[in-house]
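Observations on the model geometry
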There are 2 protein chains.
Amino acid sequence: MNVNFINPFLESLLNVLSTMACMELVPGKPQIKTDNVAKGDISGLMGMVGPQTKGSLSITFEQSLALQIMQNMLGENPGVINEEITDLVGEITNMVTGGAKKLLGNKGYQFEMATPMVVSGKGHTISHQANGTKIVMPFSSPYGKAFIEICFEKAA
Amino acid sequence: MNVNFINPFLESLLNVLSTMACMELVPGKPQIKTDNVAKGDISGLMGMVGPQTKGSLSITFEQSLALQIMQNMLGENPGVINEEITDLVGEITNMVTGGAKKLLGNKGYQFEMATPMVVSGKGHTISHQANGTKIVMPFSSPYGKAFIEICFEKAA
């Protein structure tokens, strides 16, 4: 995968959480994913379709981090993953993908976004099935970890 | 959501499992989803983007049913959800969405598929975040349950 595809997603997540939740995540080194090691408790998922390529994205949070983001954004912390947290993760997924879409559009890569889905479940894993390199970007914070995973393939 | 959108997905899952795995699922009554009750152990997810609408689909299986599908298709049963089962659920998701896409295309509804994602995790739930009616279609079998969930909204 072109490195041009990776940084816009990384930048976009940092930007969204900084501006919306006053939270500065620390990005780790993006890696080629070889197995399903990025476990988390709540994930936002998005499909993407463009003339040059199609693929999928996921943003996975540990529960403690998702709850802290809600605390920072809305001043309340339900203590468990509920429908409000689920909707918030869906909205973050929309914003992060939309931000990356804009950055990539400026570079000549166009795609349309489907609609987000959010998975809740302790310690779940996600497998992106596109026939392309899978990239995982780890992020850390005092409140827990997050991961972005993306995979693009050439459109049929 | 137009009922024209529901039956092609239902028919397509029945058709794929009948022809690929010699398995006859029994469809229940499609319902409007009001909460995240469809828990499962492995799910295939797909984003869809078209000129008239966009949305998302998930197909969720109980582990026992996913393992039996693998047994019927490939003659082996690993006993746990592993990478082969994950890939199989991704492939089924591709085939079911592709079958529904063809049926809907014949009715004048066009959309492009993103690439499938597969979620593994005991008892996870999925929340489709499109601004439209969420439909859940339950299926039963002697080996366990499956659910299709779809949600479409008007394209922005």
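Before reading on, note that the structure itself is shown above.
Below is a summary of the structure that appears in this document. (Residues numbered from 1 in each chain as written. Chains lettered and ligands numbered in written order. Predicted model: local features only at pLDDT ≥ 70, side-chain atom pairs only at ≥ 80, totals over all residues. Heavy atoms only, no water.)

Things to note about the pattern of salt bridges
Residues and elements named next belong to chain A. Evaluation of the coordinates by the stated rule reveals four salt bridges over all chains. Where D41 meets K122, a salt bridge forms, and the shortest distance between an N and an O atom there is 3.6 Å. Within this pair, whereas D41 is found in strand β3 (residues 40-49), its partner K122 is found in strand β6 (residues 117-128), the two being separated by 81 residues in sequence. (Salt bridge = Lys/Arg side-chain N within 4 Å of Asp/Glu carboxyl O. Helix = DSSP H or I, 4+ residues; strand = E, 2+ residues; numbered from the N terminus.)

Some details on a negative patch on the surface
Residue and element names in this part refer to chain A. On the surface, a cluster of negative charge is made up of E76, E83, E84, D87 and E91. Its place among the elements puts D87 in helix α3 (residues 83-106). Given a relative accessible area of 36%, D87 falls into the partly exposed group. (Patch = residues over 30% accessible without salt bridge, like charges linked within 9 Å, V, L, I, M, F, W, Y side chains within 5 Å. Areas by Shrake-Rupley, 256 points an atom, 1.4 Å probe, with all protein chains shown as cover. Lys, Arg positive; Asp, Glu negative; His and termini not counted. Charge placed at Lys NZ, Arg CZ, Asp CG, Glu CD. Buried < 20%, exposed > 50% of the residue type's maximum accessible area, 1.4 Å probe, protein only.)

Some words on the relation of the copies chain A and chain B
Mapping chain A onto chain B calls for a screw motion: a turn of 180° about the axis and a shift of 0.0 Å along it, with 0.0 Å RMSD after fitting. Both chain copies can therefore be described as sitting about a two-fold axis. Rotation axis and chain A: the residue whose C-alpha lies nearest the axis is G47(A), separated from it by 2.2 Å. Mapped onto chain B, 100% of the interface residues of chain A again fall at the interface, so both copies present the same surface. (Least-squares fit on C-alpha atoms with pLDDT ≥ 70 in both. Contact = heavy atoms within 4.5 Å.)

Notes on the packing of aromatic side chains
Residue and element names in this part refer to chain A. One pass over the structure, following the stated rule, counts eight aromatic pairs over all chains. Ring centres of F111 and F152 lie 6.3 Å apart, and the angle between their planes is 50°; on these two criteria the pair is classed as tilted. You can see F111 sitting in the loop between α3 and β5 (112-113) and its partner F152 sitting in strand β8 (residues 146-154), a full 41 residues away along the chain. Assessed through its relative accessible area of 9%, F152 is described here as buried. Here a set of aromatic residues connected by ring pairs shows up, and it is made of F5, F9, Y109, F111 and F152. Seen from the ring of F111, K101 lies directly overhead, with NZ or CZ sitting 5.9 Å from the centre. (Phe/Tyr/Trp six-rings, centres within 6.5 Å; stacked < 30°, edge-to-face > 60°. Lys NZ or Arg CZ within 6 Å of the ring centre and 35° of its normal.)

Some remarks on the packing of helix α1 (residues 7-21) of chain B against helix α2 (residues 63-74) of chain B
All names here are of chain B. Contact geometry of α1 with α2 gives a least axis separation of 8 Å together with a crossing angle of 45°. It follows from the interaxial angle that α1 and α2 lie oblique. Every residue of α2 that contacts α1 at L17, M20 and A21 is listed here: I69, N72 and M73. Each residue belonging to the contact of α1 with α2 can be placed in one class, and the counts come to five nonpolar, one polar and no charged. (Axes fitted to C-alpha atoms, helices over the stretch in contact; angles between N-to-C directions. Parallel < 35°, antiparallel > 145°, perpendicular 65-115°, else oblique. Nonpolar A, V, L, I, M, F, W, Y, C, P; charged D, E, K, R; others polar.)

Structural notes on the pairing of β6(A)
When you tally the buried positions in β6(A), you get ten out of twelve residues, the bulk of the element. Pairing of β6(A) with strand β6 (residues 117-128) of chain B involves eight bridges; the strand directions are antiparallel. Bridged to S120(A) within β6(B) is T125(B). (Pairing = 2+ DSSP bridges.)

Describing the side chain of T60(A)
Residue and element names in this part refer to chain A. As for its position among the elements, T60 is in strand β4 (residues 53-61). Under the relative-accessibility criterion, T60 is labelled buried at 1%. In terms of polar contacts, T60 uses its side chain to reach the side chain of S43, at 2.7 Å. When neighbours within four sequence positions are excluded, T60 is seen to be in contact with A38, K39, G40, I42, S43, I126, K145, A146 and F147. (Polar contact = N/O pair within 3.5 Å; in protein donor to acceptor, adjacent residues only side chain to side chain.)

Quick look at the pairing of β6(B)
Note: strand β3 (residues 40-49) of chain B against β6(B), five bridges, orientation antiparallel. Residue pairing for β6(B): G44(B) is matched across the bridge by V118(B).

Some remarks on the packing of helix α2 (residues 63-74) of chain A against α3(A)
All names here are of chain A. For the pair α2 and α3, the least separation of the axes is 10 Å and the interaxial angle reads 85°. With respect to each other, α2 and α3 are oriented roughly perpendicular. Two secondary-structure elements touch here, α2 through A66, L67, I69, M70 and M73 and α3 through E84, I85, L88 and I92. Residue classes in the contact of α2 with α3 are distributed as eight nonpolar, no polar and one charged.

Looking at the interface of chain A and chain B
The parts lose accessible area when they come together, and the size of an interface is often stated as this lost area. Each side of the interface is counted separately: chain A has 30 residues, and chain B has 30 residues. A combined buried area of about 2200 Å² lies between chain A and chain B, and 62% of that area is made up of carbon and sulfur atoms. At the boundary of chain A and chain B, one finds zero salt bridges. Inspection of the chain A/chain B interface yields eight residue pairs in polar contact (both at pLDDT 80 or more). Elements with a contribution of two residues or more to the side of chain A that touches chain B: β3, β4, α3, β5 and β6 of chain A. The biggest single contributor to the side of chain A that touches chain B is β6(A), with ten residues. Broken down by class, the residue content of the side of chain A that touches chain B amounts to 13 nonpolar, 13 polar and four charged. (Buried area = accessible area lost by both parts, 1.4 Å probe.)

Details of helix α3 (residues 83-106) of chain B
Residue and element names in this part refer to chain B. With 24 residues, α3 extends 35 Å between its outermost C-alpha atoms, agreeing within 8% with the 34 Å of an ideal straight helix rising 1.5 Å per residue. All of the buried residues along α3 are I85, T86, L88, V89, G90, I92, T93, V96, T97, A100 and L104. Among the residues of α3, the N-terminal cap falls to N82, whose side-chain oxygen and the backbone nitrogen of E84 are separated by 3.1 Å. Just downstream of α3 lies G108, where phi reads positive at about 95°. (Expected span 1.5 Å × (residues − 1).)

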